[in-house]
Amino acid sequence: LACVAANELLRRGQKVHFEEADTLLDRLRQDVRQKNDTHLDLYREVPCLVLDNLGSKLESEWAAKQLSKILNNRYDRALPTLITSPYSMQELRAQLVPKGQEKNRECRQMAHMM
């Protein structure tokens, strides 16, 4: 369904970026090592972001914070974000708060956005 929606937006001339959640996090890690924000800026600014398979690699506070930065920025700017996940909503919310981060405000806030 996310691909159908993305294809319709593309047909209408809108820019859409499709990215696996794991790949997104890997690219952000690479940017940190290279000391740049190339991908973070792309994910925050692309007119429509399709984030596929969310939930499987959110094992760290860092990953949750990066995703929170992207989603919060997109939400604040009313930019469409399509998310797919193999998890139910309840399971996804649990995945978005890594073990040991239950008191982390950013993680909890992102989980409640879903």
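Residues numbered from 1 in each chain as written. Predicted model: local features only at pLDDT ≥ 70, side-chain atom pairs only at ≥ 80, totals over all residues. Heavy atoms only, no water.

## What to know about unusual backbone geometry
Defined as follows: Per-residue accessibility, obtained with a 1.4 Å probe over protein chains only, is compared with the maximum for each type, and a residue is labelled buried under 20%, exposed over 50%, and partly exposed between these values. What counts as a helix is a DSSP run of H or I of at least four residues, what counts as a strand is a run of E of at least two, and both are numbered from the N terminus.
Non-glycine residue K35 carries a positive phi angle of around 55°. Look at K35 and you get exposed, because its relative accessible area is 76%. Of note in the backbone geometry, A78 takes a positive phi value of approximately 55° without being a glycine. Relative to the helices and strands, A78 is located in the loop between helix 4 (61-76) and strand 3 (81-83).

## Some words on the packing of helix 2 (residues 21-34) against helix 3 (residues 38-45)
Convention followed: Simply put, an axis is a line fit to the C-alpha atoms, just over the touching stretch for a helix, and the angle between two N-to-C directions goes from 0 to 180 degrees. Every angle not falling under 35 degrees, over 145, or within 65 to 115 is termed oblique; those three ranges are roughly parallel, roughly antiparallel and roughly perpendicular. We call two residues in contact whenever any of their non-hydrogen atoms come within 4.5 Å of each other. Classification used: nonpolar for Ala, Val, Leu, Ile, Met, Phe, Trp, Tyr, Cys and Pro, charged for Asp, Glu, Lys and Arg, polar for all others including Gly.
Orientation of helix 2 relative to helix 3, taken along the N-to-C sense of each, is 135°, at an axis distance of 7 Å. Viewed along their axes, helix 2 and helix 3 adopt a mutual orientation that is oblique. Touching L24, R27, L28 and D31 of helix 2 are T38, H39, L40 and Y43, all from helix 3. When the residues that make up the contact of helix 2 with helix 3 are grouped by side-chain class, the tally is 4 nonpolar, 2 polar and 2 charged.

## Structural notes on the side chain of H39
Inspection of the secondary structure assignment puts H39 in helix 3. Contacts of H39, omitting those with residues within four sequence positions, involve R27, L28 and D31.

## So, the sheet that holds strand 2 (residues 48-52)
Selection criterion: One bridge is not enough; two strands pair if DSSP finds at least two bridges between them.
A sheet is described by the order of its strands in space; here 3 strands give the open sequence 1-2-3, paired in parallel fashion. In this open sheet, the two strands that pair with only one neighbour each are strand 1 (16-20) and strand 3. Between one strand and the next, the sheet's axes are offset by a mean angle of 15°, whatever the strand orientation. Examined bridge by bridge, strand 2 and strand 3 share 3 bridges and lie parallel to one another. The residue of strand 3 that forms the bridge with L51 is I83. Contacts from helix 2 reach strand 1 and strand 2 within the one sheet, and its direction differs from that of strand 1 by about 90°.

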